[in-house]
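As a plain string of letters, each chain reads:
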Amino acid sequence: MSGRGVGWTTASQELTAAVRPAKQFLTYVSSGPFQYAVAEALRLPDTYYDGLRAGLRAKRDLLSGGLAQAGFAVYRPAGTYFVTTDIRPLGATDGFAFCRSLPERAGVVAIPNAVFYDHREAGSLFVRFAFCKKTEVLQEAVDRLKRPA
């Protein structure tokens, strides 16, 4: 249940900045209330998961293909719902700067992979896009990314 963090904090900017790195890793741990949902999900028939897998594969392929057409070097995942890309073919080398400018340039967001690295410079050339979205949202994102900047 990644991204389903439970809880919140209100604090000074300094304290929030200190809490943020810990929260990044804690939000990937399912909380107690979600355990009931997991138990229900385990009761679903295999056909549900067959359809889910096929749908996610189609979305992965749509986004991966569109990103490649837009000029990214694409690392097509076998699992997860994120597509990692290399931004060097687009003339970029700073994932943070690239991701900060992307919403204004294309109306699309990405996450710099460097936030997941102990040595940020090792991940600075890579950004990731999520494909756990509606198909029409992914198609719009692909169309926007293919437009010249």
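Quick caveat, the model's predicted, so the values are computed rather than measured.

Looking at this model, I keep getting lost on the pairing of strand 2 (residues 82-86). Mind explaining?
It is a general feature of regular strands that their side chains alternate between the two faces of the sheet. Of all five residues in strand 2, four are buried; the element is thus mostly enclosed. Alignment of strand 1 (residues 73-75) against strand 2, held across three bridges, turns out to be antiparallel. Note on strand 2: the bridge partner recorded for Y75 is T84. Two successive antiparallel strands, strand 1 and strand 2, enclose a turn made up of six residues, where T80 displays a positive phi of approximately 80°. Relative to strand 4 (residues 126-130), strand 2 runs antiparallel, the two being bridged by five bridges. By the bridge assignment, F82 is partnered in strand 4 with A130.

Before we go on, may I ask you to explain the packing of helix 3 (residues 46-69) against helix 6 (residues 135-146) in this structure?
Each pair of packed helices can be summarised by the angle the axes make with each other and by the distance between the axes. Running from N to C, helix 3 and helix 6 cross one another at 5°; their axes reach a closest spacing of 9 Å. With respect to each other, helix 3 and helix 6 are oriented roughly parallel. Residues K59, L62, L63, G66, L67 and Q69 of helix 3 form the contact with helix 6, whose participating residues are T135, L138, Q139, V142, L145 and K146. In terms of residue class, the contact of helix 3 with helix 6 is built from six nonpolar, four polar and two charged.

Looking at this structure, I do not really get the side chain of D86. What am I missing?
Looking at the element boundaries, D86 is found in strand 2. A residue is classified by how much of its surface remains accessible, and D86, at 5% relative accessible area, is buried. Within polar-contact distance, the side chain of D86 engages the side chain of R88 at 2.5 Å. Setting aside its immediate chain neighbours within four residues, D86 contacts F72, A73, Y75, L125 and F126.

Cut-off values and rules
Residues numbered from 1 in each chain as written. Predicted model: local features only at pLDDT ≥ 70, side-chain atom pairs only at ≥ 80, totals over all residues. Heavy atoms only, no water. Buried < 20%, exposed > 50% of the residue type's maximum accessible area, 1.4 Å probe, protein only. Helix = DSSP H or I, 4+ residues; strand = E, 2+ residues; numbered from the N terminus. Pairing = 2+ DSSP bridges. Axes fitted to C-alpha atoms, helices over the stretch in contact; angles between N-to-C directions. Parallel < 35°, antiparallel > 145°, perpendicular 65-115°, else oblique. Contact = heavy atoms within 4.5 Å. Nonpolar A, V, L, I, M, F, W, Y, C, P; charged D, E, K, R; others polar. Polar contact = N/O pair within 3.5 Å; in protein donor to acceptor, adjacent residues only side chain to side chain.

By themselves, these observations are geometric and do not establish any function.
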